[in-house]
Amino acid sequence: MKMLSGTQSGGLRRYFRKGKPSRARVFVARGVILLSASAHTGFISASASAQQADPATPVVIQPGAPGKPSKTLAPFTRAVLPPKARADAEFMQGMIVHHSQAIEMTALIASHTENKDLRALGARINSSQSDEIKFMKRWLAARAESISMSAHGMPAMDMPGMPHGSMGLMPGMLSAEQMEALRKAKCAGFDHLFLTGMIQHHNGALIMVKDLFDTAGAGQDAELFNFATDVDTGQRAEIGIMQGMLEKNHQRERKEEKR
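So, how was this worked out
Residues numbered from 1 in each chain as written. Predicted model: local features only at pLDDT ≥ 70, side-chain atom pairs only at ≥ 80, totals over all residues. Heavy atoms only, no water. Helix = DSSP H or I, 4+ residues; strand = E, 2+ residues; numbered from the N terminus. Contact = heavy atoms within 4.5 Å. Areas by Shrake-Rupley, 256 points an atom, 1.4 Å probe, with all protein chains shown as cover. pLDDT = per-residue confidence, 0-100. Core = buried A, V, L, I, M, F, W, Y, C linked by side-chain atoms within 4.5 Å. Buried < 20%, exposed > 50% of the residue type's maximum accessible area, 1.4 Å probe, protein only. Phe/Tyr/Trp six-rings, centres within 6.5 Å; stacked < 30°, edge-to-face > 60°. Axes fitted to C-alpha atoms, helices over the stretch in contact; angles between N-to-C directions. Parallel < 35°, antiparallel > 145°, perpendicular 65-115°, else oblique. Left-handed = near helix turned anticlockwise from the far one by under 90°. Nonpolar A, V, L, I, M, F, W, Y, C, P; charged D, E, K, R; others polar.

Chemist: How should the overall build of the chain be read in this particular structure?
Modeler: Scanning the chain for helices and strands turns up 8 helices and 2 strands. Restricting the contact set of the chain to residue pairs at least 6 apart, pairs at least 24 apart contribute 67%. Surface accessibility of the chain: about 16500 Å² in total, with carbon and sulfur atoms responsible for 59%.

So, in structure tokens, the structure goes:
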């Protein structure tokens, strides 16, 4: 307990003066001591509260790569976009072209087939790839990149079903002849051409993702990395669905032939 000050001690001596103190005087003396101790405790509590109220120094933590420790950065650290990689922009520009053809293919479904499963699949592809095109355009605009791919970035591709050296077609994209055949087909014939063509198309997108990650310095942008991996995962899943639909159609055709 805190000792009384000289003034407080002297006041108590004058209060008691001589002789045994009365109960009233003892009560008053104890009150003075308790008030003094309470004031001292209140001062300490106020000081502690003031220290706790002071804003703490901000801490910026940078998560480490898998298997690597995190880093503590300076409080004034600001997020910046990673260095540009030419392959990143070309991947996005090319994928916009690629997705656009898939949307063109799905637009034919309503007038070319009554297959409910195919219609549901087409709606799913159309919706997801339309949203992805919007994302890719925003990504390019934020980095002051053109939405369209330059002529030198459009490679000649030798893909199944495509004329040798076709220009302006990304991996897996249908040739002009394939698209024309799809437009002319109806019902079961359309279903088959659509499914085989879209499987080819999706496999081309997987090639584009692989080429991106195989390019030194490319695919380091976090948004781009997440997008490309989502494309890979999503289109692999849809390929499995379409292969199942083809097999189902083949089984139905075989049953009809036996009748």
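Chemist: Please explain the confidence of the model for the chain as it appears in this structure.
Modeler: Should pLDDT be low for a region, the predicted coordinates there are not to be read in detail. Per-residue pLDDT for the chain has a mean of 79; in total, 68% of the residues score no lower than 70. Segment residues 24–29: pLDDT under 50, and 8 contacts once partners within four positions in sequence are set aside and those in other chains are kept. Below pLDDT 50 for its whole length, residues 155–167 participates in 29 contacts with residues either more than four positions away or in separate chains.

Chemist: Mind showing me how you'd approach the environment of Gln62 here?
Modeler: Counting through the fold element by element, Gln62 comes out in strand E1 (residues 60–62). Measuring from C-alpha to C-alpha, the distance between Gln62 and Thr72 comes to 6.3 Å, with 10 residues separating the pair along the chain. Apart from residues no more than four positions distant in its own chain, Gln62 is found in contact with Ser70, Lys71 and Leu73.

Chemist: Quick question: what am I supposed to make of the nonpolar core here?
Modeler: In globular proteins that are soluble, nonpolar side chains generally tend to be buried together. Ranked by internal contacts, the top residues of the largest apolar core, which has 23 residues, are Phe91, Met92, Met95, Met136 and Phe227. Listed by contribution, the elements that provide at least two residues to this core are helix H3 (86–106), helix H5 (116–142), helix H7 (187–214) and helix H8 (222–258). Once you skip the residues sitting within four places of it in the chain, Phe91 turns out to touch Met208, Val209, Leu212, Leu224, Phe227 and Ala228. Of all hydrophobic cores here, the second largest spans 21 residues; its members include Met105, Leu118, Phe194 and Leu246.

Chemist: Would you take a moment to explain the packing of aromatic side chains for this structure?
Modeler: What characterises a pair of aromatic rings is the spacing of the ring centres plus the angle enclosed by the ring planes. Taken as a whole and assessed by the stated rule, the structure comprises 4 aromatic pairs. Each ring, one from Phe91 and one from Phe227, has its centre 6.5 Å from the other, and the planes form 70 degrees; the classification is edge-to-face. Of this pair, Phe91 sits in helix H3 while Phe227 sits in helix H8, and the two are 136 residues apart along the sequence. Take Phe91 and Phe227: they sit in the same class, and that class is buried.

Chemist: Just to check I follow, could you spell out the side chain of Asp232 for this structure?
Modeler: Along the chain, the position of Asp232 falls in helix H8. Accessibility expressed as a relative area gives 18% for Asp232, which makes it buried.

Chemist: Would you explain the environment of Glu132 in this entry?
Modeler: Inspection of the secondary structure assignment puts Glu132 in helix H5. Along the chain, Glu132 and His99 lie 33 residues apart, while their C-alpha atoms are 8.2 Å from each other. Dropping the residues within four chain positions of it, Glu132 is found in contact with His99, Phe227 and Val231.

Chemist: What exactly am I supposed to notice about the packing of H7 against H8 here?
Modeler: Helix-helix packing is characterised by the crossing angle of the two axes and by the distance between the axes. It is the contact of H7 with H8, at a shortest axis distance of 9 Å, that shows an interaxial angle of 155 degrees. Between H7 and H8, the angle is such that the two are roughly antiparallel. When you trace H7 past H8, the crossing you get is left-handed. Its residues assigned to classes, the contact of H7 with H8 shows 16 nonpolar, 9 polar and 4 charged.

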